[in-house]
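Spelled out from the first residue to the last, the chains are:
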Amino acid sequence: MKLLALFAVCATGVLLIYGTVDMPDWGDPHSPASVHVSPRYIEKAMEETAVGNIVTSVLADYRGYDTLGETVVIFTAAMACILLMRRRRK
Amino acid sequence: MHPTHEKATKVISYLEDVILQTVCRILIPFIQVYGLYVIAHGHHSPGGGFQGGVILGASFILLCVAYDINEAKRRMTEKVDTVFCSLGLIIYSGIGLICLVLGGSYLNYSRLGQVLPVNPVDARSIGILGIEIGVGITVMAVMISIFLDLASRGEHEEGLE
């Protein structure tokens, strides 16, 4: 059984490494991520949002839903911590 | 160990460290001002709500470490802290809802220009600042809340002796 598990892990690893062969190089200007929305953010962020920091404008404006979700996740973590750990003596 | 020695170490562990407390008392206001700067200056430099909120929360945790939890709770009670947890999220989603009411899509800040005396582009900048403030408040309160629960096993009374 352990040998079977080892085989499964190795096969999955080989498949994943095989999958990375097709990936574009680091910083490749012709990769899909670099030709689809990135040029628009870089060129239009300043005139559309008047924010010099492109990271902030993408994080808070173009991807506002994403950041809202992140904040909800953090809030949920606090609520879970309160529910699980807080003990009050009355 | 001899009982007297044990007693001595116990007494020392309850003593307040003058150097640590003085340094923290001087340092904490500057840390908090820096946290506010990181939130407010996120438009033009690395930073934003998450980072600034963490710095604000860390200043409060430093207060808990240098003094104790009761001293920290005198500055911010757990009720206020829990309200702040929700307040930041309410600010964020409230700004989104205001945009919705003004006729745009959710979180489309350019619609804020209809109620603020600025053009739509600057309105988006102001909307970003507003949600960064909301994120900062939530992250700060969550840091404090989780730290207090973990440090005192949820009792908020002793702990960190």
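Being a predicted model, the structure only gives us computed values, none of them experimental.

Asker: Could you clarify how one ought to interpret the overall build of chain A in this entry?
Answerer: Looking only at helices and strands, one finds five helices and zero strands in chain A. Overall, chain A shows an N-to-C arrangement of helices and strands of α-α-α-α-α. For 90 residues, the compact-globule formula gives about 12 Å, and the C-alpha radius of gyration of chain A, at 22 Å, lies well above that figure. Seen through its C-alpha atoms, chain A measures out along the principal axes to roughly 60 × 60 × 15 Å. Relative to its 90 residues, chain A shows a buried fraction of 23%. Total accessible area on chain A stands at roughly 7,000 Å², and carbon and sulfur atoms take up 70% of it.

Asker: Help me understand the nonpolar core, please; the structure alone is not making it clear to me.
Answerer: The nonpolar side chains of a soluble globular protein tend to be buried with one another. In this structure, Cys85(B), Tyr92(B), Ile95(B), Tyr109(B), Leu112(B) and Ile131(B) are the most contacted members of the largest nonpolar core, which totals 22 residues. When contributions to this core are tallied by element, the ones reaching two or more residues are helix H5 (64-85) of chain A together with helix H5 (78-101) and helix H6 (120-151) of chain B. Sort the elements by how many residues they give to this core and H6(B) lands first, with seven residues. Beyond its immediate chain neighbours, meaning those up to four positions away, Ile131(B) contacts Ala60(A), Tyr92(B), Ile95(B) and Tyr109(B). In terms of nonpolar packing, the next biggest core, distinct from the first, is built from 17 residues, Leu56(B), Cys64(B), Met140(B) and Ile144(B) among them.

Asker: Help me understand a nonpolar patch on the surface in this model?
Answerer: Residues and elements named next belong to chain B. A surface patch of nonpolar side chains, about 290 Å² in accessible area, is lined by Ile 19, Val 23 and Leu 27. For Ile 19, the location among the structural elements is in helix H2 (residues 18-40). By relative accessible area, Ile 19 is classed as exposed at 64%.

Asker: In this structure, what is going on with helix H1 (residues 2-20) of chain A? I would like to understand it.
Answerer: Note: α-helices contain 3.6 residues per turn, so residues at a spacing of three or four share the same orientation. Helix length check: H1(A), at 19 residues, gives a terminal C-alpha distance of 27 Å against a target of 27 Å (1.5 Å per residue), a fit within 8%. Burial of H1(A) is sparse: only zero of the 19 residues sit out of reach of the surface.

Asker: Help me understand the packing of H5(A) against H5(B), please; the structure alone is not making it clear to me.
Answerer: Relative orientation and spacing of two packed helices are given, respectively, by the angle between their axes and the distance between those axes. Contact pair H5(A) / H5(B): the axes reach a minimum separation of 10 Å and the direction vectors enclose 165 degrees. Judged on the interaxial angle alone, H5(B) and H5(A) are roughly antiparallel. For H5(A) against H5(B), the interelement crossing comes out left-handed. Within the contact between the two elements, H5(A) uses Gly64(A), Thr67(A), Leu68(A), Thr71(A), Val72(A), Phe75(A), Ala78(A), Met79(A) and Ile82(A) and H5(B) uses Thr82(B), Cys85(B), Ser86(B), Leu89(B) and Tyr92(B). Grouping the amino acids of the contact of H5(A) with H5(B) by side-chain chemistry returns nine nonpolar, five polar and no charged.

What counts, and at which threshold
Residues numbered from 1 in each chain as written. Chains lettered and ligands numbered in written order. Predicted model: local features only at pLDDT ≥ 70, side-chain atom pairs only at ≥ 80, totals over all residues. Heavy atoms only, no water. Helix = DSSP H or I, 4+ residues; strand = E, 2+ residues; numbered from the N terminus. Rg over C-alpha atoms; globule rule 2.2 N^0.38 Å. Buried < 20%, exposed > 50% of the residue type's maximum accessible area, 1.4 Å probe, protein only. Areas by Shrake-Rupley, 256 points an atom, 1.4 Å probe, with all protein chains shown as cover. Core = buried A, V, L, I, M, F, W, Y, C linked by side-chain atoms within 4.5 Å. Contact = heavy atoms within 4.5 Å. Patch = residues over 30% accessible without salt bridge, like charges linked within 9 Å, V, L, I, M, F, W, Y side chains within 5 Å. Salt bridge = Lys/Arg side-chain N within 4 Å of Asp/Glu carboxyl O. Expected span 1.5 Å × (residues − 1). Axes fitted to C-alpha atoms, helices over the stretch in contact; angles between N-to-C directions. Parallel < 35°, antiparallel > 145°, perpendicular 65-115°, else oblique. Left-handed = near helix turned anticlockwise from the far one by under 90°. Nonpolar A, V, L, I, M, F, W, Y, C, P; charged D, E, K, R; others polar.

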